[in-house]
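Commentary on secondary and tertiary structure
Next come the chains, spelled out residue by residue.
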Amino acid sequence: MFDIDKWQEIIATIKKNKMRTFLTGFSVAWGIFMLMILLGSGNGLSNGVAQNFMRDAVNAMWMWSGRTSIPYQGMKENRQIRFTNSDYDLIKKIPETEFASGRYYISGNRLAYGNEFGEYTAITCHPELKEVESIEMVQGRFINEVDILQTRKSVVLGQDIYDALFKKQEAIGEYIKINNVPFKVVGICREGGGTRHRNAYIPVSTGQKVFNGANRLHNFALTINAQSIEESKAVEEKVRAALARKHKFDPTDRAALGSYNKLENYLQTMRIFQAIKIFIWIIGTGTLIAGVVGVSNIMLIVVKERTKEIGIRKAIGASPSSVVGLILLESILITTVAGYIGLVLGTGLMEGLNFFVEQQYATAAASNNGNGDIIFRNPTVSLNVAATATMLLVIAGAIAGYIPAKRAARIKPIEALRDE
Amino acid sequence: MIRLNNVHKSYGTGSNSLHVLKGINLEIEEGGFVSIMGSSGSGKSTLLNILGILDNYDEGSYYLNGMLVKEMSEKKAAQLRNEMLGFVFQSFNLISFKNAMENVALPLYYQGVSRKKRNKIAHEYLDKLGLLSWAEHMPNELSGGQKQRVAIARSLITQPKIIVADEPTGALDTSTSYEVMEILKEINEDGITVVIVTHEHDIAAMTRQIIRLKDGIISEIIKNGDLKQWKHQYSKELEIA
C-alpha cells in the first residue's frame, strides 16, 4: 500500500492519461459539489426561517372572546362572553404567564396628521405587548405604565404610518388624530418578523376611556414559560380553565374562547423544515448515486480500454493482485483528490454566498435599525457530512472499479492481447 | 528444457468445440533455436501460447525446465513467466503511454527492482540493441523495427531461459525482419532457447530446427543438418511454382 514505487507507477499512468483522469475526477467532483450546494441551500433556508421565527416570541399565545356554542350549567348556547380588566388581572396572576397584554377593539381607525390621513389599525394595549409581539423601536419609546395609569393620549406609530403621514419629518411630540381625537406621538416602531408596519399602539386604559369601552377587553396576548409543546398546551388549558370558571362556559368551548398558540405553530413549521431536510437528503443521495454510477461507468470503460495493457503486464509477469491493485489504487487516488476538490469548491461557494448574504443582512439591518429581513442565512454544511459524503463516493468508486478490475485480472493474458 | 507429452487443446464448449491441438509430443533442448510453422489454423500460435504459459491446455503434460506446468495458479504462472520466459509479439505489445526505457524496465518492476536500478539496466539493454538514443521516445515515435527491438530488450531484461516469439517479423519489411532475426540468433548464441512461430520460410530457415504443424499434430520435424537440404528443396519448389 505504501510502496513508493507502486505509487510512482500509478502517478505515471495518471499523468499520461489526462482525459480519462479528468472524466473520472469530474464526475466525482461534480457530485460532491452539487451535494454541498444542495445541503447548504437547505440549511440556509431553514436557518433563515428559524431566525425570523425566533425574533417573534415563539412562546406567545393569543386569546379572544366570542359566543358560547355549548350549553353550560343550565345556560343556553350563543351567549356572549365579555372580558373585563379583572380578567387581565386574573391572567397576570397565573404563574406561568410571563407577559400579558389586553386589547379593546376600537372601530373606525382613521389616522390623520395635518392634511395627510389614512385607514390603519389602532391597537389598544398594555406595555407588555412590546415583549409578546417582539416590537422593535425605531425612535422614541413604547407605551409605558404611566400612560396606562394616567390614561394619557400617547400613540406609538408603525413605520409605514409614520412614512405616510409625516414624510420623514420629526414626529415625536407631534399630535395626530385617531377618529378625530388628538394623540401625542411618543415613538415609532416596527413589528418583529413582519414586513408591514401599519399598526398604531395606544394605552388600553385610554382606549377604553376615549372610545366608550368602560372596563371591557376583547382579547389577550401573552407569553408563557414553556419549552415543549406539551407544556405550552398545559398552560393554555390552565388559562382557558380559569377564564371558563369565571365566565361560566365549557372550557372546551372554542367558540366562547378562541386561542392561537404560536409555539405549536412554530413546532409545526419546524416539522415542515424537517421534511424539507429529508427531501434535500433524498435528492442529495440521488446526486451521490449519480456520481457513483458515473464513476462506475468510467471505471468499466477504463478497464475495457486497458485490457490490452493488462494483458501485456500479465505476460511479462504481473500477478492478478498487482493488476487489481494498480487499477483500484488509481481509482481511489483520483476519486479522493477529485472529491476533495469538489468539497473545497462547494464549501468555498457556500462560504462566499454566506459572506454575501451576511453583508446584505448587515446593510438591511443598518437601514432598518438592526432589523434585517432575510430568509437565507448561514448556508453551510457541517464538515462531517461533507467528509462522509466524499468517503462514501471514494468507497463506491473503489467497489465500482474493483469488480471490472478483478474480472480483467482473471482473464488469460492471451485473450487480453488478442483484444486489438 | 521443454517437454510436451500428448498435449490436447480445444476452444469453445459442447458441439461448437474446436479441437486445435490433437496430441503434441515435443522436446526442445536447452539452447535450441526452433521455429514452428504451419498454415493458418494449424495450431501453431496455440502451441506457442501454451509453451509461454499464456494459455492452459486440456490434456497431457508440459514440463518446463523439469517442472510440470499444469493447473497453475495465476500468481505462480505470472511469476514463472516473469522469471523464465521472455515474449516477443507480432504487434510488439509495448505500453503506449510509457517510453522505450520504461517499457523495457517494466518486467523488473514486477520483480521488485528499484526504479533507479531497473532504469539503469534498461539503458544497458537498449544500448545492446542500439537504441540508447531512443530511450526517452514513446512507442508511437519509433519505427516497426525499433519497436520490435524495444520489445526484444524488454524480453531479455529478466535474463530468461526461453524467448517465445509469435510472428516476430510479421509486421516488418524484409530487411528489418532479417535484422530482428540476426538479433534473435545472437541471443540464442548466448545460450537462451528461442522458439518462434512464423509462416515465412526464409525466416524459419534461419533457425536450427523447424517444427511443422498440420491440423493440430506435428507433421514434420526438420533438424539442423537437414535444413540445408530442405532449403534447397524449398527453393526448387519455388522455381516450379
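Now for a quick tour of the structure. (Residues numbered from 1 in each chain as written. Chains lettered and ligands numbered in written order. Predicted model: local features only at pLDDT ≥ 70, side-chain atom pairs only at ≥ 80, totals over all residues. Heavy atoms only, no water.)

What follows deals with the interface of chain B and chain A. You'll often see interface size given as the accessible area lost when the parts meet. Each side of the interface is counted separately: chain B has 27 residues, and chain A has 26 residues. Summed over both sides, the interface between chain B and chain A buries roughly 2,500 Å², with carbon and sulfur atoms accounting for 56% of that surface. Per-residue buried area on chain B facing chain A is highest for E74, F97 and Y110 of chain B; these three make up 28% of the total on that side. The interface formed by chain B and chain A includes 2 salt bridges. For K314 of chain A, the salt bridge is made with E74 of chain B, and the minimal N-O distance between the two is 3.1 Å. Among the secondary structure elements, those contributing two or more residues to the side of chain B that touches chain A are α2 (74-84), α3 (100-109) and α4 (115-128) of chain B. Per-element accounting of the side of chain B that touches chain A gives the leading share, 5 residues, to α2 of chain B. Among the residues forming the side of chain B that touches chain A, the class breakdown is 13 nonpolar, 5 polar and 9 charged. (Contact = heavy atoms within 4.5 Å. Buried area = accessible area lost by both parts, 1.4 Å probe. Salt bridge = Lys/Arg side-chain N within 4 Å of Asp/Glu carboxyl O. Helix = DSSP H or I, 4+ residues; strand = E, 2+ residues; numbered from the N terminus. Nonpolar A, V, L, I, M, F, W, Y, C, P; charged D, E, K, R; others polar.)

Sheet strands pair by backbone hydrogen bonding; their relative direction is either parallel or antiparallel. All names here are of chain B. Taken in spatial order, the 6 strands of this open sheet run β6-β7-β8-β3-β9-β10, and their pairing is mixed. Every other strand in the sheet has two partners, leaving β6 (85-88) and β10 (217-223) as the edge strands with one partner each. Each neighbouring strand pair of the sheet contributes to a mean axis angle of 20°, computed without reference to strand direction. Sheet topology places β6 next to strand β7 (residues 162-166); 4 bridges connect them, and they run parallel. Note on β7: the bridge partner recorded for G86 is I163. Its contacts with the sheet place helix α1 (residues 44-51) against β3 (33-38), β6, β7, β8 (193-197) and β9 (209-214), and it is angled at close to 145° to β3. Taken strand by strand, helix α6 (residues 174-189) contacts β3, β7 and β8, and its axis lies near 150° from that of β8. (Pairing = 2+ DSSP bridges. Axes fitted to C-alpha atoms, helices over the stretch in contact; angles between N-to-C directions.)

Turning our attention to the environment of R81 of chain B. Relative to the helices and strands, R81 of chain B resides in helix α2. The spacing of R81 of chain B and V34 of chain B is 47 residues in sequence and 19 Å in space, taken between C-alpha atoms. If near-sequence neighbours (up to four positions away) are discounted, R81 of chain B is found in contact with K314, A315 and P413 of chain A together with G52, I53, L54, E74 and F87 of chain B.

So, about the packing of aromatic side chains. The geometry of an aromatic ring pair is captured by two quantities: the separation of the ring centres and the angle between the planes. Taken as a whole and assessed by the stated rule, the structure comprises 10 aromatic pairs over all chains. Between F83 of chain A and F220 of chain A, the aromatic rings sit 5.1 Å apart at their centres with planes inclined by 35°, giving tilted as the arrangement. With F83 of chain A in strand β2 (residues 83-84) and F220 of chain A in strand β13 (residues 219-224), this pair connects stretches of sequence that are 137 residues apart. When its relative accessible area of 0% is taken as the criterion, F83 of chain A is described as buried. Taking 5.8 Å as the distance between ring centres and 10° as the angle between the ring planes, the aromatic pair formed by F87 of chain B and F89 of chain B counts as stacked. Each member of the pair F87 of chain B and F89 of chain B is classed as buried. Grouped by ring-pair contacts, the aromatic residues F22, F26, W30 and F33 of chain A constitute a single cluster. The cationic tip of R110 of chain A hangs over the ring face of F117 of chain A; the distance from NZ or CZ to the ring centre is 4.0 Å. Note that K128 of chain B overlies the ring of Y125 of chain B, its terminal NZ or CZ placed 4.5 Å from the centroid. (Phe/Tyr/Trp six-rings, centres within 6.5 Å; stacked < 30°, edge-to-face > 60°. Buried < 20%, exposed > 50% of the residue type's maximum accessible area, 1.4 Å probe, protein only. Lys NZ or Arg CZ within 6 Å of the ring centre and 35° of its normal.)

Let us look at a negative patch on the surface. All names here are of chain B. There is a patch of like negative charges on the surface, built from E182, E186, E189 and D190. Looking at where D190 falls in the secondary structure, it is placed in the loop between α6 and β8. For D190, a relative accessible area of 66% puts it in the exposed group. (Patch = residues over 30% accessible without salt bridge, like charges linked within 9 Å, V, L, I, M, F, W, Y side chains within 5 Å. Areas by Shrake-Rupley, 256 points an atom, 1.4 Å probe, with all protein chains shown as cover. Lys, Arg positive; Asp, Glu negative; His and termini not counted. Charge placed at Lys NZ, Arg CZ, Asp CG, Glu CD.)

The subject of this paragraph is the packing of helix α8 (residues 229-247) of chain A against helix α9 (residues 262-305) of chain A. Residues and elements named next belong to chain A. Viewed as axis vectors pointing N to C, α8 and α9 meet at an angle of 155°, and their least axial separation amounts to 9 Å. The angle between the axes of α8 and α9 places the two elements in the roughly antiparallel class. Every pair of crossing elements has a handedness; the one defined by α8 and α9 is left-handed. Seen from α8, the contacting residues are I229, S232 and K233; seen from α9, they are L263, E264 and L267. Class assignment for the residues of the contact of α8 with α9 results in 3 nonpolar, 1 polar and 2 charged. (Parallel < 35°, antiparallel > 145°, perpendicular 65-115°, else oblique. Left-handed = near helix turned anticlockwise from the far one by under 90°.)

Take the side chain of S154 of chain A next. Along the chain, the position of S154 of chain A falls in strand β8 (residues 154-158). With residues near it in sequence (within four places) discarded, S154 of chain A still touches R141, I143, D147, F183, K184, V186, Y201, I202 and P203 of chain A.

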